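# Close look at the chain arrangement
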There are 2 protein chains.
Amino acid sequence: MEPRFATRFKGMKSSIIREILKLTAQPGVISFAGGLPAPELFPLTQLKQAHMTLFDKGDSAFLQYSTTEGDPSLRSWIAQKMNRQGSKVTDSNILILSGSQQGLDLMGKIMLDPGDYVVVENPSYLGAIQCFGAYEAQFLAVESDAQGMDLDHLEELLKQYHPKLIYVIPTFMNPTGITMIRERRQRLAEIAARYQVLVIEDNPYGDLRYSGEDIPPLKAFDEAGWVVYLGSFSKTAVPGMRLGWVAADPQVIAALAQAKQGADLHTATFAQAALSEYLHQHNPEAHVERIKKAYKERRDLMLACMEKHFPKELKWNRPDGGMFIWVTCPEKVDTVELLKKAVEQKVAYVPGISFFPFEDHNNCLRLNFSNASNTQIEEGICRLGQVFHAACK
Amino acid sequence: MEPRFATRFKGMKSSIIREILKLTAQPGVISFAGGLPAPELFPLTQLKQAHMTLFDKGDSAFLQYSTTEGDPSLRSWIAQKMNRQGSKVTDSNILILSGSQQGLDLMGKIMLDPGDYVVVENPSYLGAIQCFGAYEAQFLAVESDAQGMDLDHLEELLKQYHPKLIYVIPTFMNPTGITMIRERRQRLAEIAARYQVLVIEDNPYGDLRYSGEDIPPLKAFDEAGWVVYLGSFSKTAVPGMRLGWVAADPQVIAALAQAKQGADLHTATFAQAALSEYLHQHNPEAHVERIKKAYKERRDLMLACMEKHFPKELKWNRPDGGMFIWVTCPEKVDTVELLKKAVEQKVAYVPGISFFPFEDHNNCLRLNFSNASNTQIEEGICRLGQVFHAACK
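All of these numbers come straight from a predicted model, not from anything done at the bench.

What follows concerns the environment of Asn368 of chain B. Residues and elements named next belong to chain B. Tracing the sequence through the fold places Asn368 in strand 15 (residues 364–368). Along the chain, Asn368 and Ala220 lie 148 residues apart, while their C-alpha atoms are 29 Å from each other. Filtering out sequence-adjacent residues up to four positions away, Asn368 remains in contact with Phe32, Ala33, Gly34, Gly35, Met323 and Phe324.

Below you can see the structure in the form of structure tokens.
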């Protein structure tokens, strides 16, 4: 059989991460590849209590169909949290998602015609590149430095191409770990309003800061409603419940809700109610502090081990938060090829190439530090050091 | 602000059902509008135990990210169930969905270019019409009778238009309650293979038979792999966990998994594990028998009340299963207009118009019998009878 697939499907690439995650499931492999939180830190006791409370209430509404917009108590908790961080939103700005990845897909669905331009950082989150690619978007790669997106370059792109969307991860960016400075956030929000282009602010890592000072999200500088904010509970609570949200202008929320209704009717009523119970009745802030403490130690340990074991030809950043360290090798090193040798040594990373919209950089790689124990970090970075030393010879 | 939405978004219609569900949330309204299962029959105790068991296992994997294909033990249970009903599938034919509605969306995504033709029954499930409409499909309405789709007419449409998809609900169809006879299933599977066109078999109600003899699903007649089967746990377990599945040829499953990865990464790990625990350790078959007994009584009561209270000008079917009765009024009756009068009398139904792909029939309506108590059925049908008598005068 040979189904006649849609044109857009021919643009969908199978995720290299996904294939690698299969590869690294072999016993004994120390994987710095995935973007997984540490499961031993999940708030199991509190989540168990939250679920029990629902079952013991004697009302079955939490297992019934519900509205597309989502659980009112969960939306309200989110709005309050965002307002504490400087945004001005109400419940009517919030739509609950089945994980924040769904926000990318729904934004593509309501916004992108084939051939439309989307601005992304270079590199950017590969799940976003794949997602917009499936809507047959054309990418524009904006330049960046250690302070975030180059906004002069962005303005040039906006003038020349009139893109439909700008996609940005301003805080502890995946994969590079870079955080956009406050001044640029202010100016980016103004640019969005002036050029009337929607900016998707993807912020799964914002709460995980280990050093430096908090900066309000881009959404906090958004006076005119052009910023579409994606939030996630996968890193601050658990990923396995698939819960996230989008905060945006009511007109955008209405369009997204309509698209979501066709996509999955609504996010699981039960998961929403249980998470809301957890957030309201337990102490989610204390839990985030506990995670931050552990991840900070892992970041510091990994950086120290890299300093000790990696050849001097390699460069990397020191992220103030998030889950990733971004490594740049000499240009002659092909990190896809090198991964095979790394896996032979029972250690894994993600090659950088998939994060570049035009797949034009072979010599970068991403390391995750949140999902490994101290012993794994020490041993894994030591093994990687040997692989890199051999490659740089 | 005025975002530049995609062309496809202009084709998305807000669901009339959704607006009505809001309307009927007023206190005192007896609603036969939604397609909701009876929450008082949910297997609360068993689901509570299943969730507890997971929390008490001392392993956090059920709250972590997981593979897009889904929980192996859940896929295996589904494959075995489908094989007992006559299909020939293995785990590799199964992809877990965040509710079976997601299967419609993903099929649209991998198959439909703007302008592609999709064959639907007339009327058909409005969620499917909306979903394919959002991919800018053109609809072909195939004729049906009390034995299901008219396959001679279908062949004419296939020859003339070469549609990409055929969408059918062969068993206890939503909204009409009609079940396609065995001979037509056999022939439809052959037609799909001969014309090389994928058939989506949507089967959320198949397990809910109250009278007549079981007929194997269309998928059981599928030798060549052209049938894409959508299954749901929303009616046999609970809707609020949003769990369904698709069973198809591995080539189609691979494409759907790729599309799903971009749409929501994977279905909630926790919900899948908990449902699998429930299915394996408790007695889901006994639970379905319990539901069937209750729904059969409600169907019979509603039919008896309709016989007693509805004017003789109205016609309706006697469904052998599922959740709906389909009523046809005299042509002069506009059931959208009449709904306002019904709601004044504190009773609600769904007007039939949204179920017709070309919205060209005003005089039909759908009644749900699964979500109402005996008292509500008696009182609600009596009220509706008065509204219809006045309209038929």
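Past the structure itself, the notes keep going.
All names here are of chain A. Counted at 1.5 Å a residue, the expected span for helix 13 (residues 374–392) with its 19 residues is 27 Å, and the 26 Å between its end C-alpha atoms agrees. Those residues of helix 13 not exposed but buried are Ile377, Gly380, Ile381, Leu384, Phe388 and Ala391. Viewed along the axis of helix 13, the buried residues span an arc of 100 degrees, placing them on a single side of the element. Of the exposed residues in helix 13, the ones pointing more than 90 degrees away from its buried face are Thr375 and Ala390. Buried residues belonging to helix 13 abut strand 1 (30–31), helix 11 (284–309), helix 12 (335–344) and strand 13 (347–348).

Phi is mostly negative for residues that are not glycine, and the peptide bonds are mostly trans. Residues and elements named next belong to chain A. Omega for the peptide link from Asn122 to Pro123 comes to 10 degrees, which places this bond in the cis form. Locating Pro123 in the fold gives a position in the loop between strand 3 (117–121) and helix 6 (126–133). Along the chain, Asn174 connects to Pro175 via a cis peptide bond; the corresponding omega equals 15 degrees. Summarising the element assignment, Pro175 is placed in the loop between strand 7 (165–168) and helix 8 (182–195). Its identity is not glycine, yet Arg242 carries a phi of approximately 50 degrees, on the positive side. Assignment of secondary structure puts Arg242 in the loop between strand 9 (227–232) and strand 10 (244–247). With a phi angle near 50 degrees, Glu359 is a residue other than glycine that sits in the positive phi range. Mapping Glu359 onto the fold places it in the loop between strand 14 (350–351) and strand 15 (364–368).

Quick look at the domain arrangement of chain A now. Residue and element names in this part refer to chain A. For chain A, the domain assignment lists domain 1 (7–43 + 286–392) and domain 2 (46–281). Between the C-alpha centres of domain 1 and domain 2 the distance comes to 25 Å. Across the boundary between the two partners, domain 1 contributes 33 residues, which contact 34 residues of domain 2. For the side of domain 1 that touches domain 2, the elements supplying multiple residues, two or more each, are helix 1 (7–10), helix 11 and strand 12 (324–328). Class assignment of the residues belonging to the side of domain 1 that touches domain 2 gives a composition of 17 nonpolar, nine polar and seven charged.

What counts and how
- Residues numbered from 1 in each chain as written.
- Chains lettered and ligands numbered in written order.
- Predicted model: local features only at pLDDT ≥ 70, side-chain atom pairs only at ≥ 80, totals over all residues.
- Helix = DSSP H or I, 4+ residues; strand = E, 2+ residues; numbered from the N terminus.
- Contact = placed C-beta atoms within 7 Å.
- Expected span 1.5 Å × (residues − 1).
- Buried ≥ 20, exposed ≤ 12 C-beta atoms within 10 Å, placed from the backbone.
- Arc of directions from axis to C-beta.
- Domains from an automatic or database assignment.
- Nonpolar A, V, L, I, M, F, W, Y, C, P; charged D, E, K, R; others polar.

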